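Observations on chain architecture
Given next are the chains, with one letter for each unit.
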Amino acid sequence: MKIAFFDSGIGGLSVLHHAMRVLPKEQFVFYADEDNVPYGVKTTDEVKGFVQQAFDFLVGCDVKAIVVACNTATAAAVSALRAALPAIPVIGVEPGVKPAAQLTKSGVVGVLATTRTLHSDRFQRLVGNHANHVRVLAQACPGLADTIEHEGADSPAVGKLLDAYIAPLAAAGADVVVLGCTHYPWVAEGIARRMPAGTVLLDTGEAVARQTERLLSAAGLLGGGHGHLTL
Ligand code: DGL
């Protein structure tokens, strides 16, 4: 049986590559909802509908776990998906606000994410539960995921968006920047270049891969074959 990875586009690959390293004996299937990318500027109900369609497809693909490798889809739909699919572990992805709040020395944390993620109840709860003692600058990045997707991570159009979205974080003295969308690790270098030296960029891809391993192990579902990826 396979582990499914799901995202609106190529962002999920930034999580999948950690999982392929942590779980080298597993078979993976990757589903990118390229027809509906970007999710980040759509309504919660629209995102829920897209995610439900993807799950209906993936459940028919002989999967033993589904990783929602998308912060926006996780915020909109992960609770409903878990309730609807109690027999299959569903692993979500959330901005690393908790580790960021523990790591910051300046007391200012930047969070880069989609508008939909930042407006979600889940994100508000995350900040309320783990980051009340620090200043959290929630920077929505409309256009960034789809420009990475369609123009490429090194394109001038991506550079322009990064200039606009990173400047407020640098000006406010953020020393930790949370990559709260799985597309953003693809532009981590460009983000780092626009922040002062020593700024920590937090990507939760590795933690999600480890959590997937833990859940599969606890359920006795770890694979022992040859690693394989179906796109
Ligand atoms: N990669 C997705 C995330 O982690 C969102 C990109 C999009 O807007 O579709 O939030």
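Residues numbered from 1 in each chain as written. Predicted model: local features only at pLDDT ≥ 70, side-chain atom pairs only at ≥ 80, totals over all residues. Heavy atoms only, no water.

1. Focus: the overall build of the protein chain
Of the regular secondary structure elements, the protein chain holds 10 helices and 9 strands. On C-alpha atoms alone, the protein chain measures out to a radius of gyration of 17 Å, which is about the 17 Å that the 2.2 N^0.38 rule sets for 231 residues. Projected onto its principal axes, the C-alpha coordinates of the protein chain cover approximately 50 × 35 × 35 Å. Split into buried and exposed, the 231 residues of the protein chain put 51% on the buried side. (Helix = DSSP H or I, 4+ residues; strand = E, 2+ residues; numbered from the N terminus. Rg over C-alpha atoms; globule rule 2.2 N^0.38 Å. Buried < 20%, exposed > 50% of the residue type's maximum accessible area, 1.4 Å probe, protein only.)

2. Some thoughts on the sheet that holds strand E9 (residues 228-230)
In spatial order, the strands read E4-E3-E1-E2-E9; together these 5 strands make up an open sheet with parallel pairing. With one partner strand each, in any of the chains shown, strand E4 (90-91) and E9 form the two edges of the open sheet. Bridging between strand E1 (residues 2-7) and strand E2 (residues 27-32) involves 6 bridges; their strand directions are parallel. Across the sheet, residue phenylalanine 5 finds its bridge partner in E2, namely phenylalanine 30. Packing against the sheet, helix H2 (residues 44-59) makes contact with E1, E2, strand E3 (63-68) and E4, and its axis sits at approximately 155 degrees to E3. (Pairing = 2+ DSSP bridges. Contact = heavy atoms within 4.5 Å. Axes fitted to C-alpha atoms, helices over the stretch in contact; angles between N-to-C directions.)

3. Focus: the pattern of salt bridges
In total, this model carries 6 salt bridges according to the counting rule given. Glutamate 206 is the partner of arginine 21 in a salt bridge, and the nearest nitrogen-oxygen pair spans 2.8 Å. With arginine 21 in helix H1 (residues 12-22) and glutamate 206 in helix H10 (residues 205-218), the pair connects residues that are 185 residues apart, well separated along the chain. The class of arginine 21 is partly exposed, set by a relative accessible area of 48%. One salt-bridge network, held together by shared partners, links Arg21, Glu206, Arg210 and Glu213. (Salt bridge = Lys/Arg side-chain N within 4 Å of Asp/Glu carboxyl O.)

4. Considerations on H2
In this model H2 runs 22 Å from its N-terminal to its C-terminal C-alpha over 16 residues, within 8% of the 22 Å that 1.5 Å per residue would give. Next to the buried residues of H2 lie E1, E2, E3, helix H3 (71-84) and E4. (Expected span 1.5 Å × (residues − 1).)

Geometric values such as these leave the question of function open.
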